[in-house]
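Coordinate inspection notes
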Amino acid sequence: MIDLNIAPELKTVIPTVAVGCIAATVLNSDHDESLWREIDAATARFRGVAMDEARKLPPIKALRDAYRALGNDPTRYRGSNEALVRRISQGKDLYRVNTVVDINNLVSLETLHSAGTFDVEHVSPPITFRIGQPGESYSGIGRGEIKIEGLPVFTDQLGPFGSTTSDSERAMIRLGTTRIMMVIISFLGTEGMEGVLARATGLLTQFAAASRIERWVAE
């Protein structure tokens, strides 16, 4: 099990924060048509949905409330869960990245929690989920420099590498990635998390031949 903890200062501001974790060895691929049939079914739920209504959905609302509690404007740095729904509501297709990342996005769509998946070979535990500090930033995937002050961020011995808004290029999933850690971040506590982890594990096993699987919840 990878050493991951939630910093006390983040728990003080957001007592209900919890992180569901999965570590696994995978066989990644460029595309899986069967997986995309499931993704298309999940996206249909949000086609044409007004964002004013989507923002009231409990997991999205909880993340927006968490951002405000940390002193952030959630319209400036949207949570990754809200960004997915917003893209679909605008009539756009989801990006097709690779199978592991596509599974990550499906898990986020189905649960409406923010989710991230990292290449374990590019992470140096222990990992702490904490509040971004003044002046901290990293190169976000496809987004250039992201200032992460005040955001909930994952950090290791090398510094920050992921957040509930966008993850870093350092730990991004590539086609050649073989060992991953998926995180599902809930701002509503741990209720239902075991089911979420079971679903994510099933998807990774079915579509990415996952093995050597570990799963746990940090709270």
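Report on the accompanying structure. (Residues numbered from 1 in each chain as written. Predicted model: local features only at pLDDT ≥ 70, side-chain atom pairs only at ≥ 80, totals over all residues. Heavy atoms only, no water.)

**As for the pairing of strand 8 (residues 159–163)**
Extensive coverage of strand 8 is indicated by the burial of five of its five residues. In this structure, the hairpin formed by strand 7 (residues 152–156) and strand 8 is closed by a connection of two residues. (Buried < 20%, exposed > 50% of the residue type's maximum accessible area, 1.4 Å probe, protein only. Helix = DSSP H or I, 4+ residues; strand = E, 2+ residues; numbered from the N terminus. Pairing = 2+ DSSP bridges.)

**So, the sheet that holds strand 1 (residues 4–6)**
Strands sit in the order 1-4-7-8 across an open sheet of four strands; the sheet is mixed. One side of each edge strand has no neighbouring strand; the edge strands of this open sheet are strand 1 and strand 8. Recorded for the sheet is a direction-independent mean angle of 30° between the axes of neighbouring strands. Where strand 7 meets strand 8, four bridges bridge the pair, whose relative direction is antiparallel. (Axes fitted to C-alpha atoms, helices over the stretch in contact; angles between N-to-C directions.)

**Points about the layout of surface pockets**
Computed from the structure, the largest pocket encloses a volume of approximately 910 Å³. Along its surface, the largest pocket is lined by 27 residues, and Leu84, Tyr95, Asn105, Ile141 and Ser166 are the ones closest to its centre. The set of elements that each furnish at least two residues to the lining of the largest pocket consists of helix 5 (80–89), helix 6 (99–111) and strand 3 (114–119). For the lining of the largest pocket, the element with the highest residue contribution is helix 5, accounting for five residues. A class-by-class count of the residues in the lining of the largest pocket yields 10 nonpolar, 11 polar and six charged. (1 Å grid on protein atoms, 1.4 Å probe; cavity = no way out; pocket = protein on both sides within 12 Å on 5 of 7 lines; lining within 4 Å. Points joined across faces, edges and corners; volume = space filled by probe spheres on them. Nonpolar A, V, L, I, M, F, W, Y, C, P; charged D, E, K, R; others polar.)

**Here's the deal with the sheet that holds strand 2 (residues 18–25)**
Spatially, four strands are ordered 3-9-2-10 in an open sheet, and the strand pairing comes out antiparallel. Two strands lie at the open edges of the sheet, namely strand 3 and strand 10 (211–218), each paired on one side alone. Averaged over all pairs of adjacent strands, the angle between strand axes in this sheet comes to 15°, irrespective of strand direction. Bridge count for strand 2 against strand 10 is six bridges, and the pairing is antiparallel. Bridge pairing in strand 10 places isoleucine 22 opposite arginine 215. Sitting on the sheet, helix 7 (residues 193–208) touches strand 2, strand 9 (179–186) and strand 10, and the angle it makes with strand 10 is about 160°. (Contact = heavy atoms within 4.5 Å.)

**Some remarks on the packing of helix 6 against helix 7**
Put simply, helix 6 and helix 7 touch, their axes get as near as 10 Å, and they point 150° apart. Overall, the two elements helix 6 and helix 7 adopt an arrangement that is roughly antiparallel. The crossing of helix 6 and helix 7 is right-handed. Counting all contacts with helix 6, which are made through Thr99, Val100, Ile103, Leu106, Val107, Glu110 and Thr111, the residues of helix 7 involved are Val196, Arg199, Ala200, Leu203, Leu204, Phe207 and Ala208. Among the residues making up the contact of helix 6 with helix 7, the classes are represented as 10 nonpolar, two polar and two charged. (Parallel < 35°, antiparallel > 145°, perpendicular 65-115°, else oblique. Left-handed = near helix turned anticlockwise from the far one by under 90°.)

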